[in-house]
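Results of the structural survey
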Amino acid sequence: MKPITIPTINNNDTQATLVEWRKAEGSVVQPQETLAVLETSKATFDLPGEVAGILHLQATPGEAYDFGATIGYIFADSTERDNFLAGQAGKSSAAATGDLVVTQSAQQLVAAHGITELQLRSLGKKIIKTQDLAALISATAAAAPAEALRPSQQQTAIARLVSRSHASVPKSFILKKIICDAALDRLTEYGKREGLMVGLADVLVQVVSTLPGAFPFFFGELRDDLQFVPAKTAHVGVTFDLGTGLFIPVIRSAAELSLKETAQRMMGLRMKALRNKFTSDDLTGGNISISINTDADIVLVSPIVQVPQTCMISVAAVQSELHLSAEGQVRTRRFFNLGLAFDHRVINGYQANAFLNAIKTGLDSPAWDAAR
Amino acid sequence: MQANICNVMARVFNLNPAQITPASGPHDISTWDSAGHMRLILELEQEFSVQFTDAEVVELVSPAAIEAALARHCTS
């Protein structure tokens, strides 16, 4: 008898929803045959079987199950299956709660109406049947508050991620003003020359990808025992929220890409966000992240740190301001605020400042728009 | 087709169609940023009943480039 379990699909979720079974109860299945379709907050994927045998379903489509939960079994032969089913049938249809016994149909009502053990005991009976629950259900319904709105499954996953981050990361934050006229002018020229839609975020991915060697503690994984595992190459997560939910897909091996290739990857990811086409592979494996918030008038963004990463960069909108030039003339210039949220257990303010300075220097370097 | 493209662009970027030339692009339309680009792509796909590839999307930065891509889709 081989259990069918929900695999650990990604680091952001702890559960997956069983969308559907692809095989019927009792059907004969082969190794690698798709048994079910699962869905996390980010993507859907097929669950293949590992062995050949007879399928037994133990989970209900539409329900969410923890990673590692058993949702069915594959039996080697019909004898093994029959023995298992006979054992299931032999189990009591009533559940015991201490000295209380609740019939199976009553259990369903208890679960549906959120009736507590204390309430059951208040009935003063040893055996609780369906008809015993009528008064409790009426009282529960009368006391129930207005129906709460439930966040989407994806937002629930985001809630777990940010809660985990706030609970475990002693976060610090630093903000730097980046004068960006020269970089934006070069970017415009590059876009015209290459016939490409290219933006500041694309350049930032490029620049950040060059920094793991100089700033190893900014790229990698901090384990619970405070052991830090540095990454050899930058896999840069980038936030996209186009109104269809927050996604953080990953640009892998970003240092190996030209600016044109980076722009193409970024645009492809935006289209996937819009079309809800992300796969689990798109959304995992990042070792540093950039939060992009360049809509007009956004001044400051203090991101979370995505555990187990150690920092997250933020980019706000480009703004214009008046300034006094070296010649004493009033001029306009453009700037944006570049933020860094970092885990203070492994990164201090001095290093954080140096890291942002390196990004600032990288934006002004002649390297990123050179043909590769 | 060029006129239809310009009309879509004018709608997305809140411009007068007469302001748009075959060479107009992100360099001279201030609202043509990455978010504006996504809106433009979706509007074009809806208007012309096509779906652009990822490689095409990043290169659709002028009415001329858009027209060329649409022509490819219409003949394929």
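On a predicted model such as this, the values are computed, not experimentally measured, just so you know.

All names here are of chain A. One open sheet accounts for 4 strands, arranged E1-E8-E6-E3; its pairing is antiparallel. At either margin of the open sheet sits one strand with a lone partner, and together these are strand E1 (2-5) and strand E3 (28-29). Relative to strand E6 (residues 53-57), E3 is paired through 2 bridges, and the arrangement is antiparallel. Across the sheet, residue Val28 finds its bridge partner in E6, namely Ile54.

Here we take up the interface of chain A and chain B. On the side of chain B, 16 residues touch chain A, which itself brings 16 residues to the contact. For the side of chain A that touches chain B, the elements supplying multiple residues, two or more each, are helix H6 (181-194) and helix H8 (259-275) of chain A. Along the lines of polarity and charge, the residues of the side of chain A that touches chain B split into 7 nonpolar, 6 polar and 3 charged.

This brings us to the nonpolar core. All names here are of chain A. One finds Val208 and Val236 to be the most contacted residues of the largest nonpolar core, which totals 74 residues. Here this core takes 7 residues from H8, the largest share from any one element. Residue contacts for Val236: discarding those within four places in its chain leaves Val205, Val208, Ser209, Val250, Ile251, Ala254, Gly286, Ile288 and Ile290. In terms of nonpolar packing, the next biggest core, distinct from the first, is built from 15 residues, Ile4, Ala16, Trp21 and Leu55 among them.

Counting buried positions along helix H7 (residues 200-208) of chain A yields 8 of 9 residues, so the element is predominantly enclosed. When H7(A) is considered as a whole, its buried residues turn out to be Leu200(A), Asp202(A), Val203(A), Leu204(A), Val205(A), Gln206(A), Val207(A) and Val208(A).

Conventions and cut-offs
Residues numbered from 1 in each chain as written. Chains lettered and ligands numbered in written order. Predicted model: local features only at pLDDT ≥ 70, side-chain atom pairs only at ≥ 80, totals over all residues. Pairing = 2+ DSSP bridges. Helix = DSSP H or I, 4+ residues; strand = E, 2+ residues; numbered from the N terminus. Contact = placed C-beta atoms within 7 Å. Nonpolar A, V, L, I, M, F, W, Y, C, P; charged D, E, K, R; others polar. Core = buried A, V, L, I, M, F, W, Y, C linked by C-beta atoms within 7 Å. Buried ≥ 20, exposed ≤ 12 C-beta atoms within 10 Å, placed from the backbone.

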